[in-house]
Amino acid sequence: MIGTAWAAGADAGQGGLFSDPGFWVAVAFFLFFALAGKVLWKKIAEMLDKRTAAIAKALADAELLRADALKAKTEADRTLAQAATEAGAILQQAREEAARMQARAAANLETSVALREQQALDRIAQSEAQATKQVRDTAVDVALSATRALLREQVGSGRTQALVDEAIAELPKRLH
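In this text, all values refer to a predicted model and were calculated from it rather than measured experimentally.

Cut-offs used in this document
Residues numbered from 1 in each chain as written. Predicted model: local features only at pLDDT ≥ 70, side-chain atom pairs only at ≥ 80, totals over all residues. Heavy atoms only, no water. Phe/Tyr/Trp six-rings, centres within 6.5 Å; stacked < 30°, edge-to-face > 60°. Buried < 20%, exposed > 50% of the residue type's maximum accessible area, 1.4 Å probe, protein only. Patch = residues over 30% accessible without salt bridge, like charges linked within 9 Å, V, L, I, M, F, W, Y side chains within 5 Å. Areas by Shrake-Rupley, 256 points an atom, 1.4 Å probe, with all protein chains shown as cover. Salt bridge = Lys/Arg side-chain N within 4 Å of Asp/Glu carboxyl O. Helix = DSSP H or I, 4+ residues; strand = E, 2+ residues; numbered from the N terminus.

(A) Here's a closer look at the packing of aromatic side chains. One pass over the structure, following the stated rule, counts 6 aromatic pairs. When the centroid spacing of 5.5 Å and the interplanar angle of 80° are considered together, the rings of Phe18 and Phe23 count as edge-to-face. By relative accessible area, Phe18 is classed as partly exposed at 43%. Between the aromatic rings of Phe23 and Trp24, the centroid separation amounts to 5.2 Å while the plane-to-plane angle is 70°, which identifies the pairing as edge-to-face. Through pairs of rings, three or more aromatic residues link up here, namely Phe29, Phe30, Phe32 and Phe33.

(B) Looking closely at a nonpolar patch on the surface. Together, Phe29, Phe30, Phe32 and Phe33 give the surface a local cluster of nonpolar side chains, amounting to about 470 Å² of exposed area. Residue placement: Phe32 occurs in helix H2 (residues 21-156).

(C) How the structure looks around the pattern of salt bridges. Under the defined criterion, the tally for this structure stands at 5 salt bridges. The residue Arg66 makes a salt bridge to Glu63 at a minimum N-O spacing of 3.9 Å. Linking Arg66 with Glu63, this pair stays in helix H2, spanning 3 residues, or about one helical turn. By relative accessible area, Glu63 is classed as partly exposed at 47%.

Encoded structure:
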């Protein structure tokens, strides 16, 4: 019946709602969006969900990277502090070693100076002994020469027998 009325209405020239092409465009538009919108809505929702998941994953990764960076920074700070402590210890040890080497060098220098001084004193003593020996040898040579000269003078004048007799006479006195 509706179909007949509608057909009759179209012939009559009454423009009903169903005869208006704008109405059918609107109905087609709504049907298209109702049918296609459901599919499109699912695809858009899936795409937005994927994008949300990707952003959430990126945020989680960024948080992990931030945590790793903080951990690495903390480790680097600890390593830097240890290196600074070790450098200070090495520097202190080097200063102590330098002081010990300086003291050792001073002691070695003092020992070397004392040794050279002793060597100089030994050379001086040796030179003195040698000079004393030369003086003694010279004195002995002079005394022997003088004694020879005296003996020649006294022995040569005939006093030889008197001197021998006199020495024999003194012998008992000297032995007791």
